[in-house]
Amino acid sequence: MLLGRIRATSRTLRFRLAAWNAAVVILTALVTLFGLRQGVHYTLVHELDQLLLEDIREIGFSIGELHYPTADDDLEKDLERKARGHAQHGWFVQLLDPDGKELWASFSAPPARPLMPQVPDGTPVSVDSVRLVQRRVSRDKSSPIIVRVGATLSMLQQDMSHIDRLAANAAIAALLIAPACGYWLAGRATRPLADIINTTDRLRPEQLNERLPLRGTGDELDHLSRTFNGLLDRIAIYLQQKRDFLANAAHELRTPLAAIRSSVEVALNSDRTRDEYEELLANIIEEGASLELLVNQLLLLAETEADRLKTRGQPVRMDEVIQKAVAMFHGAAEVRDLELYCEPLPAVTVEGNRDHFRQVLNNLLDNAIKFTPPQGRITVSLAAEAESREAVLRVADTGIGIPEADMAHLFDRFYRADKSRRRDIEQRGTGLGLSICQAVATAHGGRIHVESELGRGTTFVVRLPLAPNASS
């Protein structure tokens, strides 16, 4: 059990952030401490070298001025006195002839070492635990003297040992403090993530009202919360649309089914004449056709929503599709005392599904005829735009127009703007026609939009990409 908890904790983001933070802090501390140690060591050695160089220059001047060793031994006494005064540092001085033979040495001087010709005069070197520097001093009419001045490195090493202990203590403190502080900081940093996890765990498809709180910091976690809230908003809207769609579809399906059932019940209640039976069967066929149309429209919308709409990618002459559709609706327009006019159509080719394009045009013409008063005019036109490489279909009417409040919902499923329409116009339809037009246009890489003015008419514009080999 304990091992399982440890493994679970080690997989959390908080633990990994804490581990990374501790590793970075510890590594930075170690590098910093090592750099400081090296810097202090260099500083101490450099200061010792400067003191030794000053001493050897001073002794060199004294030897040259006193013409050592012919002068009295005052210089040796002074050097001996200085050596004893700096005994704690192990300071010493040696005077050598050119062959390396010791002429004189202070009491603290180590045994005479051979000359070091590879070391230039005035260059400090370390030999064992001694730091020394030597220099040749010239004398008038006499051979030069080698002056060697040095000091033990024991004091410096003691100082460095003390610094090493301090650095080790600091490193141990970093090893202990960095993980704890890192885990605490990681907890504060990941607390918004915990809120996100808790909130998402409480969410249910039927209850999406809860949203993540925004801290107002403007950081990445705030941006994540804002993005997640936006996703929840879109999901809630999508689910509400699905519920509305299901409810509307059930309502639309229930109407023809109820009509069919009532017709059959009426037929079974008593004996009927042949004409009455034929009329009842005709009503059943009509309601069945409405039911079939609604089901086909629902299936088409389901295909477009799941990106399964088969556009086929075949060349389609839009001018031919328009001509057939206009010819089919001429009779319906004459019955309503409307003029259905088709402008001269250029030969325009697009790629897609001919049946879907015909359904788009049929829906637009049916709406135009339905909502245009008698003696009105419906105009259909087609053009090919060379610059945008698009086929532009326009269906314009002189009907009652669309209120501004309804424009935003015009392509919603099952939406009918009956409140803004004239009451004497027959309202018959599923409310899916314009939704299908938009879905088909989008599936073929095109778009549809509407321009309308109350009392002046409405124009639907469908834009579809031209076929690659189509001439414009």
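Quick note: structure is the one above.
The rules behind each value
- Residues numbered from 1 in each chain as written.
- Predicted model: local features only at pLDDT ≥ 70, side-chain atom pairs only at ≥ 80, totals over all residues.
- Heavy atoms only, no water.
- 1 Å grid on protein atoms, 1.4 Å probe; cavity = no way out; pocket = protein on both sides within 12 Å on 5 of 7 lines; lining within 4 Å.
- Points joined across faces, edges and corners; volume = space filled by probe spheres on them.
- Helix = DSSP H or I, 4+ residues; strand = E, 2+ residues; numbered from the N terminus.
- Nonpolar A, V, L, I, M, F, W, Y, C, P; charged D, E, K, R; others polar.
- Core = buried A, V, L, I, M, F, W, Y, C linked by side-chain atoms within 4.5 Å.
- Buried < 20%, exposed > 50% of the residue type's maximum accessible area, 1.4 Å probe, protein only.
- Contact = heavy atoms within 4.5 Å.
- Pairing = 2+ DSSP bridges.
- Axes fitted to C-alpha atoms, helices over the stretch in contact; angles between N-to-C directions.
- Left-handed = near helix turned anticlockwise from the far one by under 90°.

Enquirer: With reference to specific residues and values, describe empty space enclosed by the protein.
Expert: Tallying each qualifying case throughout the model produces 1 cavity of 30 Å³ or more. The volume enclosed by the largest cavity comes to roughly 50 Å³. Residue lining of the largest cavity: M318, F357, V360, L393, C437, V440, A441, V462 and L464, and that is the complete set. Listed by contribution, the elements that provide at least two residues to the lining of the largest cavity are α8 (354-370), α10 (433-443) and β12 (457-465). Counted by class, the lining of the largest cavity contains 9 nonpolar, no polar and no charged residues.

Enquirer: Help me get a handle on the nonpolar core, residues and values and all.
Expert: The biggest cluster of nonpolar side chains holds 41 residues, and the ones touching the most others in it are L364, L365 and F460. Put simply, the parts of the chain that give this core at least two residues each are α7 (318-335), α8, β9 (377-385), β10 (390-397), α10, β11 (447-453) and β12. Not counting residues within four places of it along the chain, the set of residues in contact with L365 comprises A325, V326, F329, L340, I378, V380 and V395.

Enquirer: Residues and numbers for α10, please.
Expert: With 8 of its 11 residues buried, α10 lies for the most part within the structure. Of all the positions in α10, only G433, L434, S435, I436, C437, A439, V440 and A441 are classed as buried. One or two positions beyond α10, positive phi appears at G445, with a value near 80°.

Enquirer: Please give an account of the pairing of β10 that cites residues and values.
Expert: With 6 of 8 residues buried, β10 lies mostly within the body of the structure. Sheet topology note: the β9/β10 ladder contains 8 bridges and is antiparallel. By the bridge assignment for β10, T379 is matched with A396.

Enquirer: Residues and numbers for the packing of α7 against α8, please.
Expert: Here α7 crosses α8 at 35°, and the two axes come no closer than 10 Å. Between α7 and α8 the crossing geometry is right-handed. Contacts between α7 and α8 involve M318, E320, V321, I322, A325, V326, M328, F329, A332 and A333 on the former and, on the latter, R354, F357, R358, L361, N362, L365, D366 and I369.

Enquirer: Could you give an account of unusual backbone geometry, naming the residues involved and the relevant values?
Expert: You will see that D128, though not glycine, has its phi angle at about 55°, which is positive. As for its position among the elements, D128 is in the loop between β3 (125-127) and β4 (130-139). The residue D337 is not glycine, and still its phi comes out positive at about 60°. Tracing the chain through its elements places D337 in the loop between α7 and β7 (339-342).

Enquirer: Can you break down the environment of A18 residue by residue, with the values?
Expert: Mapped onto the elements of the fold, A18 is located in helix α2 (residues 13-66). The class for A18 is buried, based on a relative accessible area of 5%. For the pair A18 and G187, spaced 169 residues apart in the sequence, the C-alpha separation amounts to 8.6 Å. Once you skip the residues sitting within four places of it in the chain, A18 turns out to touch G182, Y183 and A186.

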